[in-house]
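Here is what each chain is made of, one letter per residue.
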2 protein chains.
Amino acid sequence: MKNDLHRLMAEHELDAIWVVGPAMHNPPMVYLTGGGHITQGDLILKRGEKGVLFHGPMERDEAARTGLITRSYSNYPFAELLKEANQNRFRASVLRLKRMLEDLNLTQGRIMLYGQYDAGVAFALFDALQKELPGLTVLGDVENQVLQQAMLTKDREEVDRIRRVGEKTVEVIANTADFLTSQKVRGDVLVDSEGKPVTVGRVKRLINLWLAERDLENPEGTIFAIGRDAGVPHSSGNAQDVIKTGQTIVFDIFPCEAGGGYFFDITRTWCIGHAPEAVEKVYEQVLSVFHTVSAEVRIHGHFRDLQRRTCELFEAMGHPTVLTQPQTEVGYVHSLGHGVGLNIHEKPLSGLMAAPEDDVLLPGSVITIEPGLYYPEQGMGVRLENTLYLSQDGTVETLANYPLDLVLELKG
Amino acid sequence: MKNDLHRLMAEHELDAIWVVGPAMHNPPMVYLTGGGHITQGDLILKRGEKGVLFHGPMERDEAARTGLITRSYSNYPFAELLKEANQNRFRASVLRLKRMLEDLNLTQGRIMLYGQYDAGVAFALFDALQKELPGLTVLGDVENQVLQQAMLTKDREEVDRIRRVGEKTVEVIANTADFLTSQKVRGDVLVDSEGKPVTVGRVKRLINLWLAERDLENPEGTIFAIGRDAGVPHSSGNAQDVIKTGQTIVFDIFPCEAGGGYFFDITRTWCIGHAPEAVEKVYEQVLSVFHTVSAEVRIHGHFRDLQRRTCELFEAMGHPTVLTQPQTEVGYVHSLGHGVGLNIHEKPLSGLMAAPEDDVLLPGSVITIEPGLYYPEQGMGVRLENTLYLSQDGTVETLANYPLDLVLELKG
């Protein structure tokens, strides 16, 4: 949780963390500022002190609203810096960063750097800054041990926000099911009242509309993949594809609060009208594993143990899995789940290769459980996913639920 | 343009450019891949060769759709890398990057790094990679001289896409005006048919809906700021604020194609019902400068000269400007415009401090012209903005237009 941050900084012998970039769609900055229309900022949080947000003068109101100590970049006039840097613009930018650190009395020590930013510019700027201030060490949180570790456990307000996104997301799923089952069928193709085939693109546009109506957005898109595409876990679906009865549709929807806030993540697999026997069978197997593994989520357990368990269950059913065939592209081909928060994928991790300290299921974490089976050449894929909250008192709560049924019966 | 890239790489003595991160909401990656649901990739473009996209195995279909040469990360099994790195996970990640370069026969030379990525992780990874490959120099495009320079001039398809976003955006502006003028007034507060005050938050929600209906999104939000907030250029407006007649509303809307594509940018300033005399006067001044400066946009001119001209015009009217008072927070407080493309703000730049090579108005560029006057303590601000295309044959086209009128008459 946020109040673990200073402790984690101490554990990793950090003097400060420094977050660069905008306050929208930039999880570290959203986490520490609360978000807002700040197009570029530098947030420096010294260990044991209140954070200082450097911001553009035009964004002073939005900066003030964060409740942090604020300083305008206009305190560092670029014309003066340019002069000092003999008109070298890059060096002037580095000098500005140096001045900012001087003003915070932070010209030496260990600083962990965060924030979505142009990789090359960040590399060049901080490399030069380190050369400018030889006592300074700039670090990257390559093992996600500090900020992501704090973010791993959610406080009540964060969980409430994720649950609220979940409730709205489930409404959108219901709208989608309602739309699909209200169509007609010609041959095996879904058509609207005018006889026009219903496409994946049209369904996705409606989903975007229903999300917008609820103050949600889906910066990472939505997976609505049918037939062979459903058999490729991250294939998002072709806009031109028509929707046919009896084909598996993997519908994986993961929106966030507008402006880049908390995410929610849920997947259902549908067949419209009817399901072929082969799909029924695979679906029942995924459903069974989904129920078994969901019931075995234990606080302080290891996520990777559940991944291994999932693989073993599927292998016992005769499916290839990543446990014994790490490169397999059929059967069970991914990991069981992931943490959800301001990032759609964050700690804890469930991969078999995850670092041991990254996969502990701590109280306060929000995770997905999403087993699936994929057979693209047989034109099918099945995945079922919920988002769960592991509460402080040891219970496991499904944050927003929706029926798991495979077949959507047509109304007509 | 895209086909300038290899020439620009040669000019800057680069052997390759390397783009990291997702293919959505990551302009360099969108530019070179066409976008798509790729959550993490490495695109390496050697000078004079076709680009190679490294991607996760689950995203192979989306990767193939880019038309680039594709290679799955599964060619670099993490278990083997970990073994070689004595179980040091960070070092294993660095070794994977090294293997990728070896496979491209690119273990030395100058590589320019791009892409939205965690600043600290990028810093740590590429610093370590450089140490691993002493003949390699990793650079950041701190002056935006290569990729951004190519992106500065748009080809026909890009301009068509920006124009199309503009046409849809203007429809949303029309919907917004229509909604506002269809309300009733109680005292000086806009109320709906049930007598409930109309808030900025409600208007913004409708705007999001109208954008979603048109396959647009606004990852950077929308400015709909009233009264004093209108007087602070980047204040996005308080959701709780009620809308009052006779107050300036700065409505600055800058959506992009869903998934993180091309942007459009336009601003109108409105007073509902009537405008106070002081606002009328300031509006007429901004309008006059807007027309004058827009008519003076010349291909091969310097954007900064237009900024200076704007300042001089406003100063002749008695307003403070950034020309003589760089720190002013009243009067004309920002720069005249910016390039628009896959980034909402890109080259050419118009600031007085812009590098001389960054502000040339080249044929093929798409720019905004957006003079404004701000007096927050008088509760007002006025800005007018269009997006213009400087065509190859020397004409200047306004990409999607909308009436510039200040006063919106109520229908009731």
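Residues numbered from 1 in each chain as written. Chains lettered and ligands numbered in written order. Predicted model: local features only at pLDDT ≥ 70, side-chain atom pairs only at ≥ 80, totals over all residues. Heavy atoms only, no water.

### Quick notes on the overall build of chain A
Put simply, the rule reads: A helix here means a DSSP run of H or I that spans at least four residues, while a strand means a run of E at least two residues long, and both kinds are numbered starting from the N terminus. A simple rule labels every residue: compare its accessible area, found with a 1.4 Å probe on the protein chains alone, to the largest value its type can have, and call it buried under 20%, exposed over 50%, or partly exposed in between. Residues are treated as being in contact if the distance between any of their heavy atoms lies within 4.5 Å. In this description, accessible areas are obtained by the Shrake-Rupley approach with a 1.4 Å probe, and a residue is regarded as covered only by the protein chains that are shown.
On a plain count of helices and strands, chain A comes out with 11 helices and 22 strands. The buried share of chain A, taken over its 412 residues, is 60%. In chain A, the proportion of contacts linking residues at least 24 apart, taken out of those at least 6 apart, comes to 67%. Accessible surface computed for chain A: about 15100 Å², of which carbon and sulfur atoms make up 48%.

### Description of the interface of chain B and chain A
Defined as follows: Summed over both partners, buried area is the accessible surface (1.4 Å probe) that two parts give up on being assembled. Basic side-chain nitrogens of Lys or Arg form a salt bridge, by our definition, when they fall within 4 Å of a carboxyl oxygen of Asp or Glu. Any pair of nitrogen or oxygen atoms within 3.5 Å is treated as a polar contact; in protein, a donor-acceptor pairing is required on top of that, and neighbouring residues in sequence qualify only through side-chain atoms on both sides.
Between chain B and chain A, the residue contacts involve 67 residues of the former and 68 residues of the latter. Together, Met-58, Phe-123 and His-234 of chain B form the three largest contributors to the area buried by chain B at its contact with chain A, with a combined 14%. Between chain B and chain A we count 8 salt bridges in total. The interface formed by chain B and chain A holds 23 residue pairs in polar contact (both at pLDDT 80 or more) in total. Every element with two or more residues in the side of chain B that touches chain A is listed here: helix 3 (60-64), helix 4 (78-84), helix 5 (89-103), strand 5 (109-114), strand 6 (116-118), helix 6 (119-132), strand 7 (136-140) and helix 9 (200-213) of chain B.

### Brief notes about the sheet that holds strand 7 (residues 136-140) of chain A
All names here are of chain A. Note the threshold: At least two DSSP bridges between two strands are needed for those strands to be called paired. Convention adopted: a line fitted to C-alpha atoms gives each axis, helices being fitted over their contacting stretch, and angles between N-to-C directions are expressed from 0 to 180 degrees.
Taken in spatial order, the 6 strands line up as 4-3-2-1-5-7 in an open sheet, and their pairing is mixed. The strands lining the two open edges of the sheet, one partner per strand, are strand 4 (69-72) and strand 7. With direction set aside, neighbouring strand axes in the sheet form an average angle of 25 degrees. Both strand 5 (residues 109-114) and strand 7 contribute to a ladder of 5 bridges, which runs parallel. Residue pairing across strands places Met-112 opposite Leu-139, the latter belonging to strand 7. In this fold helix 6 (residues 119-132) packs onto strand 1 (16-21), strand 5 and strand 7, with an angle of close to 155 degrees to the strand it touches most, strand 7.

### Let's talk about the domain arrangement of chain A
All names here are of chain A. This is how the line gets drawn: Boundaries of every domain are those given by an automatic assignment or by a domain database.
Its domain assignment divides chain A into domain 1 (2-149) and domain 2 (153-408). Taking only C-alpha atoms into account, the centre of domain 1 sits 37 Å from that of domain 2. Tallying the contact residues gives 11 residues for domain 1 and 14 residues for domain 2. In total, domain 1 and domain 2 occlude about 1100 Å² of area from one another, counting both sides; carbon and sulfur atoms represent 45% of this. When the buried surface of domain 1 facing domain 2 is broken down by residue, His-25, Gln-148 and Gln-149 rank first, second and third, together holding 41% of it. At the junction of domain 1 with domain 2, the criterion picks out 4 residue pairs in polar contact (both at pLDDT 80 or more). If you list the elements that add at least two residues to the side of domain 1 that touches domain 2, you get helix 2 (27-33) and helix 7 (147-152). Per element, the largest residue contribution to the side of domain 1 that touches domain 2 is 3 residues, and it comes from helix 2.

### A few points about the packing of helix 5 (residues 89-103) of chain A against helix 6 of chain A
Relative orientation and spacing of two packed helices are given, respectively, by the angle between their axes and the distance between those axes. Residue and element names in this part refer to chain A. Applicable threshold: Every angle not falling under 35 degrees, over 145, or within 65 to 115 is termed oblique; those three ranges are roughly parallel, roughly antiparallel and roughly perpendicular. Here a crossing is called left-handed whenever its near helix is offset anticlockwise from the far helix by less than a right angle, and right-handed whenever the offset is clockwise. In this count, Pro and Cys sit with the nonpolar residues alongside Ala, Val, Leu, Ile, Met, Phe, Trp and Tyr, while Asp, Glu, Lys and Arg are called charged and the others, Gly among them, polar.
One can describe the packing of helix 5 onto helix 6 by two numbers: an axis separation of 9 Å at closest approach and a directional angle of 60 degrees. Our classification of the angle between helix 5 and helix 6 gives oblique. Considering how the two elements wind past one another, helix 5 and helix 6 form a crossing that is right-handed. Contacts from Phe-90, Arg-91, Ser-93, Val-94, Leu-95, Leu-97, Lys-98 and Leu-101 of helix 5 reach helix 6 at Ala-124, Leu-125, Phe-126, Ala-128, Leu-129 and Glu-132. The residue makeup of the contact of helix 5 with helix 6, split by class, is 10 nonpolar, 1 polar and 3 charged.

### Some details on the packing of aromatic side chains
Operational definition: Two aromatic rings, drawn from Phe, Tyr or Trp (for Trp, its six-membered ring), form a pair once their centres lie within 6.5 Å of each other, and the interplanar angle then sorts them: stacked below 30 degrees, edge-to-face above 60, tilted otherwise. Only Lys NZ and Arg CZ are tested; either one counts as a charge over a ring when it is within 6 Å of the ring centre and within 35 degrees of the ring normal.
The tally for this structure, following the rule as stated, stands at 11 aromatic pairs over all chains. Taken together, Phe-224, Phe-251 and Trp-270 of chain A form an aromatic cluster joined through their ring pairs. In this structure, Lys-2 of chain B packs its charged tip against the face of Tyr-31 of chain B, placed 4.8 Å from the ring centre. Arg-96 of chain B extends its terminal NZ or CZ atom over the ring of Tyr-73 of chain B, reaching a point 4.3 Å from the ring centre.

### Observations concerning the sheet that holds strand 3 (residues 52-55) of chain B
Residue and element names in this part refer to chain B. What the 6 strands build is an open sheet, ordered 4-3-2-1-5-7; its pairing is mixed. Because the sheet does not close on itself, it has two edges, and the strands there are strand 4 (69-72) and strand 7. The mean angle between the axes of side-by-side strands here comes to 25 degrees, regardless of whether they run parallel or antiparallel. With 4 bridges joining them, strand 3 and strand 4 adopt parallel strand pairing. What sits directly across from Phe-54, in strand 4, is Arg-71. Contacts from helix 5 reach strand 1 (16-21), strand 2 (41-46), strand 3, strand 4, strand 5 and strand 7 within the one sheet, and its direction differs from that of strand 2 by about 35 degrees. Together, strand 1, strand 5 and strand 7 form the strand contacts of helix 6, whose direction differs from that of strand 7 by roughly 155 degrees.

### Here's the deal with the nonpolar core
All names here are of chain B. Going by this rule: Throughout this description, the term nonpolar core refers to a set of buried Ala, Val, Leu, Ile, Met, Phe, Trp, Tyr and Cys residues connected via side-chain atoms within 4.5 Å.
Core analysis: the biggest nonpolar cluster contains 68 residues, and Leu-5, Ile-17, Leu-180, Ile-207, Phe-224, Ile-243 and Trp-270 have the highest contact counts within it. Top contributing element to this core by residue count: helix 8 (residues 156-181), with 9 residues. Built from parts of two domains, this core gets at least three residues from each of domain 1 (2-149) and domain 2 (153-408). Once you skip the residues sitting within four places of it in the chain, Ile-207 turns out to touch Val-172, Thr-176, Thr-222, Phe-224, Phe-251 and Ile-253.

### Some points on the relation of the copies chain B and chain A
Definition in use: Copies overlap after least-squares fitting; the atoms used are the C-alpha atoms of residues with pLDDT of at least 70 in both.
At an RMSD of 0.0 Å, chain B and chain A line up after a rotation of 180 degrees and a shift of 0.0 Å along the axis. What we have between these two chains is a two-fold relation. Taking C-alpha positions as the reference, the residue of chain B nearest the rotation axis is Phe-123 of chain B, at 2.4 Å.

### What to know about helix 10 (residues 277-295) of chain B
Note the threshold: Multiplying 1.5 Å by the residue count of a helix minus one yields the expected span of that helix.
Its 19 residues give helix 10 of chain B an end-to-end C-alpha distance of 27 Å, which sits within 8% of 27 Å, the value for a rise of 1.5 Å per residue. Burial in helix 10 of chain B covers these residues: Val-279, Val-282, Tyr-283, Gln-285, Val-286, Leu-287, Val-289, Phe-290 and Val-293 of chain B.

### A look at the side chain of His-55 of chain A
By secondary structure assignment, the location of His-55 of chain A is in strand 3 (residues 52-55). With near-sequence residues (within four places) excluded, His-55 of chain A lies in contact with Gln-40, Arg-60, Ala-63, Thr-70, Arg-71, Ser-72 and Tyr-73 of chain A.

### Considerations on the packing of helix 9 (residues 200-213) of chain A against helix 9 of chain B
Closest axis-to-axis distance for the helix 9 of chain A/helix 9 of chain B pair is 8 Å, and the angle between their directions is 175 degrees. When the axes of helix 9 of chain A and helix 9 of chain B are compared, the pair comes out roughly antiparallel. Across from Arg-205, Asn-208, Leu-209, Ala-212 and Glu-213 of chain A in helix 9 of chain A, the residues of helix 9 of chain B making contact are Arg-205, Asn-208, Leu-209, Ala-212 and Glu-213 of chain B. Here the contact of helix 9 of chain A with helix 9 of chain B is composed, by residue class, of 4 nonpolar, 2 polar and 4 charged.

### Thoughts on helix 6 of chain A
Residue and element names in this part refer to chain A. Its 14 residues give helix 6 an end-to-end C-alpha distance of 20 Å, which sits within 8% of 20 Å, the value for a rise of 1.5 Å per residue. Among the 14 residues of helix 6, 11 are classified as buried, and the element is accordingly described as predominantly covered. Among the residues of helix 6, the N-terminal cap falls to Asp-118, whose side-chain oxygen and the backbone nitrogen of Gly-120 are separated by 3.2 Å.

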